[in-house]
Amino acid sequence: MDKTNLYDLDPARMTEWVASLGEPAYRAKQIIEWLYEKDIGDADRMSNLPAEFRRSLKDRSTAVLPEVGEIVRGADGTEKILLRLAPTAKPSGKALKIECVLMPAEDRTTLCVSSQAGCALDCVFCATATMGFKRNLTCAEIIGQVIVAKRHLAKSLEEETGTRRLSNIVFMGMGEPLLNFDSLCRSLRILTGKDGMGMSPSRITVSTAGVADRLLELAEGFAVNIAISLNAPSPDLRARIMPRVSARHDLDALLEAARQVGKTRRKPVTFEYVLLAGVTDRPEQARELVKLISRIRCKVNLIPFNPFPGSDYRRPEPQEVLAFQKILWDADIPTYIRWSQGLDVRAACGQLAISSR
Ligand code: SAH
């Protein structure tokens, strides 16, 4: 029988699982406390559990996290953490690797997590797309990135090489979170649950390439911030630069979903828009974008393109970026420029890719 990885169980599942072993619900709370408050996964050390239950935990469960590989630090303090995933039951040959990125800023420290190894979408401006799709991450592998990053920050604090604690999480690493919906939801329940890590959902952002039919479900289930990678002002251009996701979810359906999401919450939705020189950054495209979204309560994050090997796209000049931003502001759409961190260590948006060496 396969052992259960404790990090795969959200609070409700933990309670069910513990009940299936004939134990009362409060045991689930105790285990969760060990895992997330005390950061201890070894059943032998869960000292407030009866010895017999600790033994049956050992027999039936594991608490496996991804293995930390190289950590690369950029000039701006961004740290890219390479992780090796434990091999799954199906032998796939090599152990898969993923990345997550820690981004320090003045008022926060954000972790960018991956939701899949590789990606099944084929957005032409994204390095992860060039890897192809390997597999969905388990909940344990998503939560694992958070735990590993927290440990790394705590160690830097101890060694006085850093002074920060994790404050925000963005699902903007490798993969499309809404195409790994079950693991996404489990991990969000652990992150935000009172019986879990207890993070405020307002400090978490889930970004999607536009899987319209899951958006509302996500918004109704979780008060997290939702970001939609719009990236183009018209169906044609969107189909050209984001072919696969556009073929499955047309722009009208996506905007309708965005409108609905806006109604379920007080916060506006965020649209992300990658600026590709000469392709999506023209003033007429800014005006087209205004028409497209002016009736949706939203804000826009402009992301100047981050280059990667093998890509012919270019980043626009700063004055083009500012001109694009001004057109949106003039139409009363709050618009911010996201100059990415971590460019020098290939840790910026759209640069995460692992070559199979
Ligand atoms: N699949 C999800 C999350 C990963 S991408 C999504 O598409 O939203 C996170 C953000 O980075 C998206 O807004 C995406 O449009 C943007 N992005 C991708 N490649 C980029 C690149 N090379 N330069 C700048 N931004 C990029």
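Our structure is the block above this text.
Since the model is a prediction, treat every value here as computed from it, not as a measurement. (Residues numbered from 1 in each chain as written. Predicted model: local features only at pLDDT ≥ 70, side-chain atom pairs only at ≥ 80, totals over all residues. Heavy atoms only, no water.)

A separate point is the overall build of the protein. When its secondary structure is counted, the protein shows 11 helices and 14 strands. Taken against the 2.2 N^0.38 rule, which gives 21 Å for 357 residues, the C-alpha radius of gyration of the protein at 21 Å falls within 12% of a compact globule. Dimensions of the protein along its principal axes, counting C-alpha atoms only, are 70 × 40 × 40 Å. Looking at the protein as a whole, 52% of its 357 residues are labelled buried. Once local pairs closer than 6 in sequence are excluded, the contacts in the protein between residues at least 24 apart make up 65%. Computed over 50 positive and 44 negative side-chain charges, the inter-centroid distance for the protein is 1 Å. (Helix = DSSP H or I, 4+ residues; strand = E, 2+ residues; numbered from the N terminus. Rg over C-alpha atoms; globule rule 2.2 N^0.38 Å. Buried < 20%, exposed > 50% of the residue type's maximum accessible area, 1.4 Å probe, protein only. Contact = heavy atoms within 4.5 Å. Lys, Arg positive; Asp, Glu negative; His and termini not counted. Charge placed at Lys NZ, Arg CZ, Asp CG, Glu CD.)

Moving on, we come to the pattern of salt bridges. Per the counting criterion, the structure on display carries 20 salt bridges. The salt bridge involving Lys 58 is made with Asp 42; its shortest N-O contact spans 3.3 Å. Remark: Asp 42 occurs in the loop between helix 2 (25-37) and helix 3 (51-60) and Lys 58 occurs in helix 3; sequence separation between them is 16 residues. A relative accessible area of 37% means that Lys 58 is categorised as partly exposed. By relative accessible area, which is 32% here, Asp 42 ends up partly exposed. (Salt bridge = Lys/Arg side-chain N within 4 Å of Asp/Glu carboxyl O.)

Before going further, it helps to spend a moment on the site of the ligand. Around the ligand, 20 residues are found, and the nearest of them are Phe 125, Ser 207, Ser 229, Asn 231 and Asn 306. With respect to the ligand, the backbone of Phe 125 contributes an N or O atom lying 2.7 Å from a nitrogen atom. Between the ligand and Cys 349 there is a distance of 3.4 Å, counted from a nitrogen atom to a backbone nitrogen or oxygen. Isolated, the ligand exposes 540 Å² of accessible area, and the fraction of that covered by the protein chains is 96%. Listed by contribution, the elements that provide at least two residues to the shell around the ligand are strand 10 (204-208), strand 12 (269-275) and strand 13 (298-304). Residues that form the shell around the ligand fall into these classes: 10 nonpolar, eight polar and two charged. (Near = heavy atom within 4 Å. Polar contact = N/O pair within 3.5 Å; in protein donor to acceptor, adjacent residues only side chain to side chain. Areas by Shrake-Rupley, 256 points an atom, 1.4 Å probe, with all protein chains shown as cover. Nonpolar A, V, L, I, M, F, W, Y, C, P; charged D, E, K, R; others polar.)

A word on unusual backbone geometry. Backbone geometry places Asp 39, a non-glycine residue, at a positive phi of 55 degrees. Position of Asp 39 among the secondary structure elements: in the loop between helix 2 and helix 3. The exposure class of Asp 39 is partly exposed, given its relative accessible area of 29%. At Asp 332, a residue that is not glycine, the phi angle is positive and equals roughly 65 degrees. The topology assignment puts Asp 332 in the loop between helix 11 (318-330) and strand 14 (335-337).

With that settled, consider the nonpolar core. Counting residues in hydrophobic clusters, the biggest one holds 113 residues, and the most contacted among them are Ile 31, Phe 171, Leu 188 and Phe 271. Top element by residues in this core is helix 4 (residues 139-158). It accounts for nine residues. Other than its neighbours up to four places away in sequence, Ile 31 contacts Leu 6, Met 14, Val 18, Met 46, Leu 49, Phe 53 and Leu 57. (Core = buried A, V, L, I, M, F, W, Y, C linked by side-chain atoms within 4.5 Å.)

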